[in-house]
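# Structure at a glance
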Amino acid sequence: MKRSLSKTQQESADPKQRTRMTVNGETVERDVSVRMLLSDFLRHELGLTGTHVGCEHGVCGACTVMINGRSGRSCLTFAVQADGADIRTIESVADENGDLHPLQEAFRDCHALQCGYCTPGMIMNVLSHMESDEEMDLSDQGIRELLSGNLCRCTGYANIVKAVRQAADKANWGSA
Ligand code: FES
Ligand code: FES
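Residues numbered from 1 in each chain as written. Chains lettered and ligands numbered in written order. Predicted model: local features only at pLDDT ≥ 70, side-chain atom pairs only at ≥ 80, totals over all residues.

### Notes on the sheet that holds strand 5 (residues 86–88)
- Spatially, five strands are ordered 2-1-5-3-4 in an open sheet, and the strand pairing comes out mixed. Bordering the open sheet on either side are strand 2 (26–33) and strand 4 (70–73), each of which pairs with just one other strand. Across the sheet, the mean angle from the axis of one strand to that of its neighbour is 40°, orientation sign disregarded.
- Bridging between strand 1 (residues 16–23) and strand 5 involves two bridges; their strand directions are parallel. (Pairing = 2+ DSSP bridges. Helix = DSSP H or I, 4+ residues; strand = E, 2+ residues; numbered from the N terminus. Axes fitted to C-alpha atoms, helices over the stretch in contact; angles between N-to-C directions.)

Listed below in structure tokens is the structure:
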């Protein structure tokens, strides 16, 4: 005979933890299931569906966001692990008027996307490097290595490499 769990049993099976973080400059605080992934928290709790979910096990890079200024896989991070963190998602990249960031413009200008599923993760990964002080290798090989954690099933990557170089040249980022 199937028995349903009491409320107390349900709560102990899925404990929650008060979690507070900054997301795109705003403080958010929620009681979060300790099993909830950061990707699901962003998408389902906050409605920030620009962060995509592909493989959900750390391979494709579609879920990449910035965690304390560095790119990270939101499908490999529990939301409660982001307690106290500063999170940035693709929704924060264009300015308040909707004007695209130069990196987004470069993706558009170079036709660096087709279905666009991988694009938010690509942008967040590249942006985290561009905004850091680290020197960037803007050779084809260097850019391909930079993108090696982000899979694209549509473009063949050539135009993505072009877009990253265009954005980097325009902003005088890194060195070849
Ligand atoms: S969804 Fe996170 S790496 Fe694929
Ligand atoms: S543009 Fe379709 S997966 Fe990259």
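Once the structure has been displayed, the description carries forward.
### Focus on the packing of helix 3 (residues 102–109) against helix 4 (residues 119–130)
- Viewed as axis vectors pointing N to C, helix 3 and helix 4 meet at an angle of 135°, and their least axial separation amounts to 10 Å. Between helix 3 and helix 4, the angle falls in the class oblique. Crossing hand, helix 3 versus helix 4: right-handed. For the pair formed by helix 3 and helix 4, the contact residues are Leu 103, Gln 104 and Phe 107 on the first element and Thr 119, Ile 123, Val 126, Leu 127 and Met 130 on the second. (Parallel < 35°, antiparallel > 145°, perpendicular 65-115°, else oblique. Left-handed = near helix turned anticlockwise from the far one by under 90°. Contact = placed C-beta atoms within 7 Å.)

### Regarding unusual backbone geometry
- Backbone geometry at His 111 places phi at a positive 55°, although glycine is not the residue there.
- Even without being glycine, Tyr 157 reaches a positive phi, approximately 75°.
- Among the secondary structure elements, Tyr 157 is positioned in the loop between helix 5 (140–146) and helix 6 (158–170).
- We classify Tyr 157 as partly exposed; it has 18 C-beta atoms within 10 Å. (Buried ≥ 20, exposed ≤ 12 C-beta atoms within 10 Å, placed from the backbone.)

Honestly, it's all geometry; don't read function into it.
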